[in-house]
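# Residue-level structural notes
The residues making up each chain are set out below.
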Amino acid sequence: MAIGQNKVITMNYILKDSDGNVIQSTHNSRPFSFLSGNGQIIPKLEGAVDGLLIGGKKNIKVDASDAYGEYDQTAAQTIDRKEFPQDINLEVGMDLMMNSPDGRKIPFSIKELTDDNVTVDFNHPLAGKDLEFDVELLDVRDATPEEIEHGHAHGEGGHHH
């Protein structure tokens, strides 16, 4: 039976790349909860979870194109180091945010540093990677009116933002 929209779905998962390397896991932390039908997780993953019963487990493989997209070479750019604030100690691998002209926050990571330039990458860190999820559905409940209004699940004890 399908779970449907505006349900709070709680699950444990292990996320692996196509080589079997664990990228993320909820097993030594809290389970993950999301508001169904609101674009909060990869659509193909949500569709596969939608058919599970509580306690059900499933292995879900998602191609890069259905996950975070193919890697876009044009999303990596070299910027003059002077464009960055002097008080930031830049390091390769650092994740930062910038504001777009319309005020949106845009994440990027630093890929390379020279004395004069910084190569940044605006691709999602998992772009270009086929993914594999081992999921276990723990709970499904109706979302509260407040969760639906806010567009996301709230943790235990209610609203936390």
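All of the points below concern the structure found in this document. Since we're looking at a predicted model, the values are computed, not measured.

## A look at the overall build of the protein chain
Along the backbone of the protein chain there are two helices and nine strands. Helices (α) and strands (β) of the protein chain occur, in sequence order from the N terminus, as β-β-β-α-β-β-β-β-β-β-α. Along the longest, intermediate and shortest principal axes, the C-alpha atoms of the protein chain span 55 × 40 × 30 Å. Here the protein chain holds 161 residues, and 32% of them are scored as buried.

## A look at unusual backbone geometry
Despite not being glycine, N6 has its phi angle at roughly 60°, a positive value. Among the secondary structure elements, N6 is positioned in the segment before β1 (7-17). Classification of N6 as partly exposed rests on a relative accessible area of 23%.

## Details of the sheet that holds strand β5 (residues 76-80)
With antiparallel pairing, four strands are arranged side by side in an open sheet as β5-β8-β7-β6. Both outer strands of the open sheet, β5 and β6 (95-99), are each paired with one neighbouring strand and no more. Adjacent strand axes in the sheet meet at a mean angle of 45°, parallel and antiparallel pairs treated alike. As judged from the five bridges shared by β5 and strand β8 (residues 117-121), these two strands associate in the antiparallel manner. Within the sheet, the bridge partner assigned to I79 lies in β8 and is V118.

## Focus on the packing of aromatic side chains
One pass over the full model with this rule turns up five aromatic pairs. Between Y13 and F32 the ring centres are 6.0 Å apart and the planes differ by 85°, which places this aromatic pair in the edge-to-face class. In this pair, Y13 is assigned in strand β1 and F32 in strand β3 (residues 32-35), connecting sequence segments 19 residues apart. Look at Y13 and you get buried, because its relative accessible area is 11%. Residue classification places F32 among the partly exposed residues on the basis of a relative accessible area of 28%. Pairwise contacts between aromatic rings join Y13, F32, F34 and F133 into one cluster.

## Quick notes on the side chain of S36
Mapped onto the fold, S36 is located in the loop between β3 and α1 (43-50). We classify S36 as buried; its relative accessible area is 2%. The contact partners of S36, leaving out residues within four places of it in the chain, are G4, Q5, N6, K7, I9 and E46.

## Overview of the nonpolar core
One finds L45, V49, I60, F133 and V135 to be the most contacted residues of the largest nonpolar core, which totals 20 residues. Dropping the residues within four chain positions of it, V135 is found in contact with M11, N12, Y13, L45, V49, L52, G56, K57, K58 and I60. One finds L96, F108, I110 and V118 within the second-largest nonpolar core, a separate group that totals seven residues.

## Considering the pattern of salt bridges
In the structure shown here, the tally under the stated rule is six salt bridges. Here D66 and K44 are joined by a salt bridge, their closest N and O atoms 3.9 Å apart. In this pair, D66 is assigned in the loop between β4 (57-62) and β5 and K44 in helix α1, connecting sequence segments 22 residues apart. Members of the salt-bridge network, linked through shared partners, are K16, E132 and D134.

How each quantity is defined
- Residues numbered from 1 in each chain as written.
- Predicted model: local features only at pLDDT ≥ 70, side-chain atom pairs only at ≥ 80, totals over all residues.
- Heavy atoms only, no water.
- Helix = DSSP H or I, 4+ residues; strand = E, 2+ residues; numbered from the N terminus.
- Buried < 20%, exposed > 50% of the residue type's maximum accessible area, 1.4 Å probe, protein only.
- Pairing = 2+ DSSP bridges.
- Axes fitted to C-alpha atoms, helices over the stretch in contact; angles between N-to-C directions.
- Phe/Tyr/Trp six-rings, centres within 6.5 Å; stacked < 30°, edge-to-face > 60°.
- Contact = heavy atoms within 4.5 Å.
- Core = buried A, V, L, I, M, F, W, Y, C linked by side-chain atoms within 4.5 Å.
- Salt bridge = Lys/Arg side-chain N within 4 Å of Asp/Glu carboxyl O.

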